[in-house]
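Tertiary structure, described
One letter stands for each residue in the lines below.
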Amino acid sequence: MPRSERSVRVAVDAMGGDYGPEPIIEGCIQALDERNFDLILVGDREAILSYLPEYYLERVQIVESSDVIDMHDQATNALRRKDSSIYKAVELVREGEADAVVSAGHSGATMTLATLRIGRLPHISKPALATLMPNINNAKTLVLDVGAVVDCKARNLYEFGAMGEVYAQEVMGLASPRVGLLANGEEASKGNELTKEAFPLLQKIPGFKGNVEGRDIFNGSVDVVVTDGFTGNILLKTSEGVADAIFTMMRQEIRKSLPAKIGALLMKKKVFARLKKQVDYAEYGGAPLLGIDGCAIVSHGSSNAKAIKNAIFQAINFSRSDVNRKIEELLVRNNGQES
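Summarised in this report is the structure supplied together with it. (Residues numbered from 1 in each chain as written. Predicted model: local features only at pLDDT ≥ 70, side-chain atom pairs only at ≥ 80, totals over all residues. Heavy atoms only, no water.)

**Some words on the side chain of S303**
What counts is decided by this rule: Per the convention used, a helix needs a DSSP run of H or I reaching at least four residues, while a strand needs a run of E reaching at least two, with both numbered from the N terminus. Buried means the residue's accessible area, taken with a 1.4 Å probe over protein chains only, is under 20% of the maximum for its type, while exposed means over 50%, and partly exposed covers the values in between. In the analysis that follows, any N or O atom pair within 3.5 Å is treated as a polar contact, provided that within protein one partner can donate a hydrogen and the other can accept it, and provided that, for residues neighboring in sequence, both atoms belong to side chains.
Mapped onto the elements of the fold, S303 is located in the loop between strand 11 (296-298) and helix 10 (305-319). What makes S303 buried here is its relative accessible area of 5%. A polar contact of 2.6 Å, which involves the side chain of S303, links it to the backbone oxygen of H300.

**Examining the nonpolar core**
Rule in force here: To qualify as a nonpolar core, a set must consist of buried Ala, Val, Leu, Ile, Met, Phe, Trp, Tyr and Cys residues joined through side-chain atoms within 4.5 Å. The contact definition used throughout considers only heavy atoms, calling two residues in contact when any of these lie within 4.5 Å.
Formed by 66 residues in total, the largest nonpolar core has its most connected members in V12, L41, L144, F160 and I312. The element that contributes the greatest number of residues to this core is helix 5 (residues 154-170), accounting for nine residues. Setting aside its immediate chain neighbours within four residues, F160 contacts K126, P127, A128, L144, D145, V149, C152, V226 and T227. Counting 35 residues, the second-largest nonpolar core is a separate cluster that includes I69, I86, L129 and A287.

**Notes on helix 5**
Which entries qualify depends on this criterion: Working rule for helices: expected span equals 1.5 Å times residues minus one.
Counted at 1.5 Å a residue, the expected span for helix 5 with its 17 residues is 24 Å, and the 25 Å between its end C-alpha atoms agrees. Most of helix 5 is tucked away, with 14 of its 17 residues classed as buried.

**Regarding the packing of aromatic side chains**
Threshold: Planes of paired rings set the category: under 30 degrees apart is stacked, over 60 is edge-to-face and the rest tilted, where pairs are Phe, Tyr or Trp rings (Trp by its six-membered ring) whose centres lie within 6.5 Å.
Tallying each qualifying case throughout the model produces three aromatic pairs. Judged by centre distance (4.9 Å) and plane angle (85°), the ring pair of Y55 and Y56 falls under edge-to-face. Given a relative accessible area of 63%, Y55 falls into the exposed group. Where Y167 meets F318, the ring centres are 6.2 Å apart and the plane angle is 40°; that geometry is what we call tilted. Highlighted residues: Y167 in helix 5 and F318 in helix 10, separated in sequence by 151 residues.

**With respect to the sheet that holds strand 5 (residues 128-134)**
Short version of the rule: Between any two strands, pairing holds if DSSP finds at least two bridges. In this description, a line fitted to the C-alpha atoms serves as the axis of each element, helices being fitted only across the stretch in contact, and the angle between N-to-C directions of two axes falls anywhere from 0 to 180 degrees.
Read across the sheet, 11 strands follow the order 3-2-1-4-11-10-5-6-9-7-8 without closing on themselves; strand pairing throughout is mixed. Among the strands making up the open sheet, the edge pair consists of strand 3 (60-64) and strand 8 (208-212). Taken over all neighbouring pairs, the strand axes of this sheet differ in orientation by 25° on average, direction set aside. With three bridges joining them, strand 4 (residues 100-103) and strand 11 adopt parallel strand pairing. Counterpart to S103 in the pairing with strand 11 is V298. In this fold helix 1 (residues 21-34) packs onto strand 1 (9-13), strand 2 (38-43) and strand 3, with an angle of close to 175° to the strand it touches most, strand 2. Packed on one face of the sheet, helix 10 meets strand 1, strand 4, strand 10 (287-290) and strand 11 and runs near 160° to strand 4.

**Details of the environment of M111**
Relative to the helices and strands, M111 resides in helix 4 (residues 107-118). In this structure, the C-alpha to C-alpha distance between M111 and L129, residues 18 residues apart in sequence, is 8.6 Å. Beyond its immediate stretch of four places on either side in the chain, M111 contacts L129, G147, A148, L289 and V298.

**Some words on unusual backbone geometry**
In this structure, D145 follows L144 across a cis peptide bond, with omega equal to 10°. With respect to the helices and strands, the residue D145 is situated in the loop between strand 6 (140-144) and helix 5. The phi dihedral of N138 is positive, around 60°, even though this residue is not glycine. Mapped onto the elements, N138 comes out in the loop between strand 5 and strand 6.

**Quick look at the pattern of salt bridges**
Convention followed: Every case where a carboxyl oxygen of Asp or Glu lies within 4 Å of a side-chain nitrogen of Lys or Arg is listed as a salt bridge.
For the structure shown, the criterion picks out 15 salt bridges. For R215, the salt bridge goes to E213, with nearest N and O atoms at 3.2 Å. The exposed category is assigned to R215, whose relative accessible area is 56%. A salt bridge links E329 to R325; the nearest nitrogen and oxygen atoms lie 2.5 Å apart. Of the two residues, E329 and R325 are both situated in helix 11 (residues 323-338); the distance of four residues between them amounts to about one turn of the helix. Under the relative-accessibility criterion, E329 is labelled partly exposed at 34%. Residue R325 is classed as partly exposed on the basis of its relative accessible area, which comes to 44%. Here the residues in one salt-bridge network are D67, D73 and R81, joined through shared partners.

**So, helix 1**
Helix length check: helix 1, at 14 residues, gives a terminal C-alpha distance of 20 Å against a target of 20 Å (1.5 Å per residue), a fit within 8%. Of the residues making up helix 1, those classed as buried are P21, P23, I24, I25, G27, C28, I29, A31 and L32.

**Observations regarding the packing of helix 5 against helix 6 (residues 193-202)**
We apply this condition: If an angle is under 35 degrees, it is roughly parallel; if it is over 145, roughly antiparallel; if it lies from 65 to 115, roughly perpendicular; otherwise it is oblique. A crossing counts as left-handed when the near helix is turned anticlockwise from the far one by less than a right angle, and as right-handed when that turn is clockwise.
It is at 8 Å that the axes of helix 5 and helix 6 come closest, and there the two elements cross at 45°. Judged by the angle between their axes, helix 5 and helix 6 are oblique. Crossing geometry of helix 5 relative to helix 6 is assigned as right-handed. Of helix 6, the residues touching helix 5 (which contributes A154, R155, L157, Y158 and G161) are L194, E197, A198, L201 and L202.

**Overview of the pairing of strand 3**
As judged from the five bridges shared by strand 2 and strand 3, these two strands associate in the parallel manner. Its bridge partner lying in strand 3, G43 is registered against E64.

Here's what the structure looks like:
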């Protein structure tokens, strides 16, 4: 059966996340109500059943686990704790019993297990965590890496660019995505030793447009931005903080005058609602770990039901695409040019 026609099997770590299984299972229920897929919930059976309505029991497989990787645990400990919910969820993908894994639990554990247990694509040296950021074109900019590889080499950035371009084509639906390398200036001479070494490698990627600055992520001038995981994670956390701060300052100013309150009330349903939707993490739900030989979606620990639902939708869309095959094709073609 063609990949696009068969039901996608998604394993969800039901115990990961800051708020326990309730919002995770609620998100799974919402996803089941909207899309056709096979759901596997991994975790404490009694806890899962306490939140899962009887109506859904026929549509859900439960895989029992008795351990949970805590947010304060070392990521590498996950390799030894084989009865944890995230270990078992990842193993389902490794063994071919699931197409994708979704977890709002310990992100380091999820990435470690996905990389070492599922494995990397043949021509990928290290995977990258990709996230979507809003831009002024009412669209999204894909940024990678945002935390998987803190210390990068030029080769890693080149591979991130290839993965980002293919993901933008196959999942985001962009025919000719524009790819940029994050630096401290647009000129090819700008940047540090890493970006200067990566620049000529990235030129082999069809959509590469050169260096971009941080502002270009949000002005829509490129579709994919490549950076190392250290810089990318700081960028991500800073952007989230700025968005929260702006909304807080707006509310503070609105409360100071009656005309502002009236204006805000008039704009609430249209302007504010659309703006909030643009910057709301729950709208896309999670970050795909690109470069592994499967699909893993890493969600925020504070994910609500809507975020989990959309993370599952990401997993379905990824699994129905040809992302991994196309990444390999592009890298093989480019590597052939090197020899």
